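Below, each chain spelled out in residue letters.
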Amino acid sequence: MTPTPLQQLIVERIQREGPLTFAEYMRMALYEPEYGYYMTRPTRIGFEGADFYTSTDVSSVFFANCVGRQLHQWWDKLKRPSPFVVLEQGAGRGDLARGVQAWARQQTPDFHTALDYRLEDISAGQDGREPVKNESREARLPEPTRSPQRTSSNSNGAAPAPSVVLSNELVDAFPIHIVETHGSRLYEIYIDVRAGRLCEVRGEPGTAEVASYLDRYHIPWTQFGDGWRAEINLDAMRWIQRTAHLLQRGYILTIDYGDKARALYTRYRRHGTLACYFQHQMNERPLARPGEQDITAHVNFSALIDEGRRQGLHLHKFTTQRLWLESLGIQEELEQRRSNDFSESIIDRASDRGQVALLKWYDLRQRVVALTDPAGMGNFKVLILRR
Ligand SMILES: C[S@@+](CC[C@H](N)C(=O)[O-])C[C@H]1O[C@@H](n2cnc3c(N)ncnc32)[C@H](O)[C@@H]1O
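Fair warning: this is a prediction, and the values are worked out from it, not measured in the lab.

With that settled, the discussion passes to the pairing of strand β5 (residues 177-182). Burial runs high along β5: 5 of the 6 residues are buried. Strand direction decides the pairing type here: β5 and strand β8 (residues 229-232), joined by 4 bridges, are antiparallel. If you follow glutamate 180 over to β8, its bridge partner there is arginine 229. Sheet topology places β5 next to strand β6 (residues 185-194); 4 bridges connect them, and they run antiparallel. For histidine 182, the partnering residue across the bridge sits in β6 and is arginine 185. The turn joining β5 and β6, which pair antiparallel and follow one another in sequence, is formed by 2 residues; a positive phi near 55° is taken by glycine 183.

Our next topic: the pattern of salt bridges. Enumeration according to the criterion identifies 24 salt bridges in this entry. Close ionic contact of arginine 337 with aspartate 341 constitutes a salt bridge, the shortest N to O distance being 2.9 Å. Here arginine 337 pairs with aspartate 341, and both are found in helix α12 (residues 330-341), just 4 residues apart, close to one helical turn. Classification of arginine 337 as partly exposed rests on a relative accessible area of 27%. Here aspartate 341 falls in the partly exposed class, since its relative accessible area comes to 32%. Three or more residues are tied together by salt bridges with common partners; here these are Arg13, Arg16, Glu17, Glu24, Arg27 and Asp235.

Attention now moves to the nonpolar core. If you look at the biggest cluster of nonpolar residues, it comprises 50 residues, and the most contacted ones within it are Tyr25 and Leu198. When residues of this core are traced back to their parent elements, those giving at least two are α1 (5-17), α2 (22-31), β6, α8 (234-246), β11 (275-278), α10 (301-310) and β16 (381-386). The element contributing the most residues to this core is α2, with 7 residues. Once residues within four sequence positions are removed from consideration, tyrosine 25 is found in contact with Ile10, Leu20, Ile191, Leu198, Pro286, Leu287, Pro290 and Ile295. Within the second largest apolar cluster, 43 residues are counted, among which are Val86, Ala104, Ala114 and Leu119.

A word on the side chain of aspartate 121. Note on placement: aspartate 121 falls in the loop between β3 (115-120) and β4 (164-168). At 3.2 Å, the side chain of aspartate 121 and the backbone nitrogen of alanine 91 are in polar contact. Of note is the side chain of aspartate 121, whose polar atom sits 2.7 Å from the backbone nitrogen of glycine 92.

Two modes of strand pairing occur in sheets, parallel and antiparallel, and in both the strands are linked by backbone hydrogen bonds. Taking strand neighbours across the sheet as the criterion, the 6 strands line up as β3-β2-β4-β9-β16-β15 in an open arrangement whose pairing is mixed. Every other strand in the sheet has two partners, leaving β3 and β15 (314-320) as the edge strands with one partner each. Across the sheet, the mean angle from the axis of one strand to that of its neighbour is 15°, orientation sign disregarded. Strand direction decides the pairing type here: strand β2 (residues 84-89) and β3, joined by 6 bridges, are parallel. Bridged to valine 86 within β3 is tyrosine 117.

Another point: the side chain of threonine 320. Mapped onto the elements of the fold, threonine 320 is located in strand β15. Of the polar contacts made by the side chain of threonine 320, one reaches the backbone nitrogen of leucine 323; its length is 3.1 Å.

The 3 strands are arranged β12-β11-β13 in an open sheet whose pairing can be described as antiparallel. Of all the strands in the sheet, the pair left with one neighbour each is β12 (281-283) and β13 (294-296). On average, adjacent strands in this sheet sit at an angle of 25° to one another, irrespective of strand direction. Pairing between β11 and β13: 3 bridges, direction antiparallel. Directly across from cysteine 276, in β13, lies its bridge partner isoleucine 295.

The next thing to look at is helix α4 (residues 60-77). The first and last C-alpha atoms of α4 sit 25 Å apart over 18 residues, in line with the 26 Å expected at 1.5 Å per residue. Among the residues making up α4, those that are buried are Phe62, Phe63, Ala64, Asn65, Cys66, Val67, Gly68, Gln70, Leu71, His72, Trp74 and Trp75.

Attention shifts here to the packing of α12 against helix α13 (residues 352-372). At a minimum axis separation of 11 Å, α12 and α13 run at an interaxial angle of 180°. Comparing their axes, α13 and α12 come out roughly antiparallel. Across the interface between the two elements, Ile330, Gln331, Leu334, Arg337 and Arg338 from α12 touch Trp361, Leu364, Arg365, Val368, Leu371 and Thr372 from α13. Of the residues that constitute the contact of α12 with α13, the class distribution is 6 nonpolar, 2 polar and 3 charged.

Calculation criteria
- Residues numbered from 1 in each chain as written.
- Predicted model: local features only at pLDDT ≥ 70, side-chain atom pairs only at ≥ 80, totals over all residues.
- Heavy atoms only, no water.
- Buried < 20%, exposed > 50% of the residue type's maximum accessible area, 1.4 Å probe, protein only.
- Helix = DSSP H or I, 4+ residues; strand = E, 2+ residues; numbered from the N terminus.
- Pairing = 2+ DSSP bridges.
- Salt bridge = Lys/Arg side-chain N within 4 Å of Asp/Glu carboxyl O.
- Core = buried A, V, L, I, M, F, W, Y, C linked by side-chain atoms within 4.5 Å.
- Contact = heavy atoms within 4.5 Å.
- Polar contact = N/O pair within 3.5 Å; in protein donor to acceptor, adjacent residues only side chain to side chain.
- Axes fitted to C-alpha atoms, helices over the stretch in contact; angles between N-to-C directions.
- Expected span 1.5 Å × (residues − 1).
- Parallel < 35°, antiparallel > 145°, perpendicular 65-115°, else oblique.
- Nonpolar A, V, L, I, M, F, W, Y, C, P; charged D, E, K, R; others polar.

Structure below.
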């Protein structure tokens, strides 16, 4: 098969520089200008014609309303600043922003007036979407190959300090190093070229940071046997450093797959957590189709918490999406919708109208179940750090 331009670029770089760390390979696959997965077109998020879906696709209303209530609580706690700058990083199509603003407009006009909701996303072509009020698109991150996140600035170069920086499923996209155990030693996985094809090879850890990473979290990896693998997301730590610097007073909220280190790096998860998404099919072949599929790995939240603390942040909450959404009233809101819009008197099961209402109600209820399912999205982790 003829290699794609990105495959060609990767091969040429390896021929020039030698094997790449998996992180460097992943950075090219996702962020290489013109060819990387996030650089060529709007990210394919959603159901039809997409690669994966997120909580906002499951229910932009319920999810956004909970985020709206959370932001409102923090606005109150921070003594109602105006403007109240919220920066959403990796905002995708801006659905969450639109949902939060709609909730604020309906429920709390004074909060809505204060809310200055800004968006950042690295992805190409997101701009073609319906604009979001107060949206700041100049905040896109133009140097992905060097840094996964850059912050926004206004036309004077002065960035208004956000009170909240939030992200949903952003950190799992950052390039990861992969390590593997053999004979009680830790190796790093590199990407090389053999017979014109990309392949994995084992080598010494490329840096001391990679070599010592698991020991920082007291992971007994020497006991896990040959072939045990783990991912190391060093960019996540750089990201929290940069994000902490954006915040003078307020909160960082980040939601993602993952767990604390001791729950993430266990002997039972022998193959790590790397996953690729292409047209809603999950696969574990990151070397196939570079630039055409998403590549992700679970997030080590211990690293974010520890690095956040080093940056002077405090751990405010670490919980699951299920518990967090429930603490923000998702079940009460569902119950309210049932009694307002789908009460027995409205759902006359014998009529066509009643049948349609019943189906709508099942759909709504199912969306809340999906967002809170302990075996699915409900098990996403929610980390809140504060300064
Ligand atoms: C899984 S999607 C989530 C989108 C949105 N937050 C949602 O919940 O629907 C990840 C988003 O992060 C963006 N992204 C990936 N890497 C990024 C980076 N290094 N900096 C900023 N945005 C990034 C992608 O373009 C994509 O829109």
